[in-house]
Amino acid sequence: MNISSDFLIENKMADIIDAFASATELYSVVLDINGHILVEPSGPNPYLGEFYELVRNPKYKSLYGEIVSCIVDTKQAMYSEIDDGNPDSRFAAAPIFVNGSFLGTWFLYAYTTAQYQKLFKAFDNFSKVANSLSYIISTVHNSAVFQKEEKSILKELEFERGAKEIMEDIMRLFSKGDRGRIRDVYDRVGRLLDVDFIVFYEVDKEKPGHMILNDYWSKIGKSEEEEKKFVWEQDHYDLEMQNKIKYDCLIIDKKNMTNQLRVETFEGNARAVMVFPVNIFGKYRGRLIFIENTKERIWTEDEIEFAREITVMFSRDLMITKLVKDSVGVPSTIQRIFMNSPFMVLVRDDDTGEVLFSNKMLDEKVGYDLKGKDGYFILPRLTDEFNGLNTENVYGKTSGGIRYKRFIDVLDGIYDVTEATFKWNRTIKATIIIMVPEAS
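Note that the structure is a prediction, hence the values are computed from the model and not measured.

Parameters and conventions
- Residues numbered from 1 in each chain as written.
- Predicted model: local features only at pLDDT ≥ 70, side-chain atom pairs only at ≥ 80, totals over all residues.
- Heavy atoms only, no water.
- Core = buried A, V, L, I, M, F, W, Y, C linked by side-chain atoms within 4.5 Å.
- Buried < 20%, exposed > 50% of the residue type's maximum accessible area, 1.4 Å probe, protein only.
- Helix = DSSP H or I, 4+ residues; strand = E, 2+ residues; numbered from the N terminus.
- Contact = heavy atoms within 4.5 Å.
- Salt bridge = Lys/Arg side-chain N within 4 Å of Asp/Glu carboxyl O.
- Pairing = 2+ DSSP bridges.

Take the nonpolar core next. I3, L8, L103, W106, L108, F126 and I137 are the most contacted members of the largest nonpolar core, which totals 27 residues. Broken down by secondary-structure element, the contributors of at least two residues to this core are α1 (5-10), α2 (13-24), β2 (37-42), β4 (90-98), β5 (101-110) and α5 (113-176). Broken down by element, the residue count for this core peaks at six residues, all from α5. Among residues more than four places away in sequence, those in contact with L8 are I3, M13, A14, L38, V39 and I137. Among the nonpolar cores identified, the runner-up in size contains 26 residues, and I166, F200, I304 and I310 belong to it.

See the structure below:
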């Protein structure tokens, strides 16, 4: 039972115990199951020093074990003589339980004939008070646990609400192509997670084993001094950590941070980190790192999942931006880029709706080759579906086209959709449609 001396003092339980001992003019102490003091010894001055020595004397350890076994089994107080060199010494011991679990033993002790007569007279009341204390401590403890759990739940709910709002804002800004304000949202990410830095590194394609600092967010703002913390000549994680980051993630906090990690890996600049892979086209292209260097902390499951979702959204936006940017309208180029893409891609003639290109994943999803078929069967034209409406208000416009989210009947799911117009084979007005399944 994890109840400390401080808990008993703060909630006035120690005062009740000391007051009872004072009223009976006897010596009192409460010990836990291992014989450690929960409530300090108290009593009249003449024998108080001897009582302190008795309580701390390892000679009585085995006797204390026998007493605990007896009162726990019977759940009753006991009265007995004791061989401490004083023929008049007597004691009473009562168990204190919290929610049915043994907390400790309350002792009343007598050194003289007058005291043990008082102890004998007070025994029944002593037993009743001990039982009452068990009830009171249980009630107060349960209330404290409930309040702690309630605060924890409220904190979790507040975090979840903040995380949801941020994710929705990022989606809205991505869809509008308002990348200038994305930084403001990442500022909110950093402050919700209460981290000091969020850093994005890209893989250096020219130098294997090297990473390039692409961008970062700092709680106190950017500066040359801050930036120096994140520039390394080569990847400063060891090979095992690098592989863990590539294929999963790296979570380091108070539970597993070592002095060696702190000094050699993080150069004293981190107390806790979360590192997630940035994947584009299913390939590892970089990492997003969330850094705490102010205080010791243990990442919660909600914090880890939120940081992971932010990284996935960040990765998907980079990927879609690159896909649209690299589409130059040459069929062979589009086929090379999109055929084995992990997402569904369709190119259709804007005038006829004929499918000019569909990638392998989309064909497998519908069960046949879509080339030459009606592309509007997969996804209606926005101007047809929302005739008379300003579709810029329905969907967000980006520099590469339009991005939105919708349920696609044929594909039986909700998809993030990016549409961009271009010239197919540099002559035919066409639309490329990239459909990314909504993250589960």
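Another aspect to go through is the pattern of salt bridges. As enumerated under the stated definition, the model contains 12 salt bridges in all. Taken together, the salt bridges that share partners define one network made up of D194, D196, K219, E292, K295, R297 and E303.

Our next topic: the pairing of strand β15 (residues 413-424). Counting buried positions along β15 gives nine out of 12 residues, so the element sits mostly inside the fold. Looking at chain direction, β15 and strand β16 (residues 428-437) are connected through 10 bridges and run antiparallel. Paired with T421 across the bridge in β16 is T431. In this antiparallel pair of consecutive strands, β15 and β16, the connection spans three residues, and N425 shows a positive phi of 55°.

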